[in-house]
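Each chain is listed here by its residues.
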Amino acid sequence: MRVIAGKARSLRLKTPEGMDTRPTTDRIKETLFNMLMPYLPDAVFVDLFSGSGGIGIEALSRGARHAYLVENQKKALDCITDNLNFTHLMDQATIMKQDVLSALSCIHEKEVDVIFMDPPYGLGYEKQVLNLLKTMPYVTPNTLIVIEASLETDFSYLESLGYDRKKEKCYKSNKHIFCQKQ
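Summary of the structure given here.

1. Some points on the pattern of salt bridges
Taken as a whole and assessed by the stated rule, the structure comprises six salt bridges. The residue Lys 74 makes a salt bridge to Asp 78 at a minimum N-O spacing of 2.8 Å. Taken as a pair, Lys 74 and Asp 78 lie in helix H3 (residues 74-87) at a separation of four residues, close to a single helical turn. Of the residues examined, Lys 74 reaches a relative accessible area of 57% and is grouped as exposed. Here Asp 78 falls in the partly exposed class, since its relative accessible area comes to 36%.

2. Observations concerning the side chain of Gln 180
When you line up the elements, Gln 180 lands in strand S7 (residues 174-181). In terms of polar contacts, Gln 180 uses its side chain to reach the backbone carbonyl oxygen of Pro 141, at 3.4 Å. Separated by 3.5 Å, the side chain of Gln 180 and the backbone oxygen of Asn 142 make a polar contact.

3. Digging into the environment of Ser 160
Mapped onto the secondary structure, Ser 160 falls in helix H6 (residues 158-161). Here Tyr 157 takes part through its backbone oxygen, which lies 2.7 Å from a polar atom of the side chain of Ser 160.

Here is what the cut-offs are and how they apply
- Residues numbered from 1 in each chain as written.
- Predicted model: local features only at pLDDT ≥ 70, side-chain atom pairs only at ≥ 80, totals over all residues.
- Heavy atoms only, no water.
- Salt bridge = Lys/Arg side-chain N within 4 Å of Asp/Glu carboxyl O.
- Helix = DSSP H or I, 4+ residues; strand = E, 2+ residues; numbered from the N terminus.
- Buried < 20%, exposed > 50% of the residue type's maximum accessible area, 1.4 Å probe, protein only.
- Polar contact = N/O pair within 3.5 Å; in protein donor to acceptor, adjacent residues only side chain to side chain.

Laid out in structure tokens, this is it:
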């Protein structure tokens, strides 16, 4: 896994050993960031269930002003720290060593531009996080929320939670859902 573009371009990132995380492949990451580019310059970016930190680091490399990387697994946290130090992006990042649901209330920004989440599949975290995000003052109708999920994950509840689905991009085994608060 590597940084695709920007000031840390081509740098190889560490990934945690084992099967606890599923790093986003370079090809999918490149497609995702091509869609996110208009949102990144000077952005505040939140990477939930951060794993190796690859998504938040890519956002910083491509021009985000600050990134919050939220993770509670020890091996993943060590990877995030190593990767931020290696890419020289540590000073633009806040590593939050806690559960995602508790971390959301610890982000103190006027507005967050992009929130990305890649939770463990099949456990229903997407709905829990979206339900909590709608109450956070930094989530505005301008905030883009991107969810990486399995192809089978149902998002028919988005409207009832107060979100508009803007786009859905399907890949071989997963998808990205783009939504914003109504």
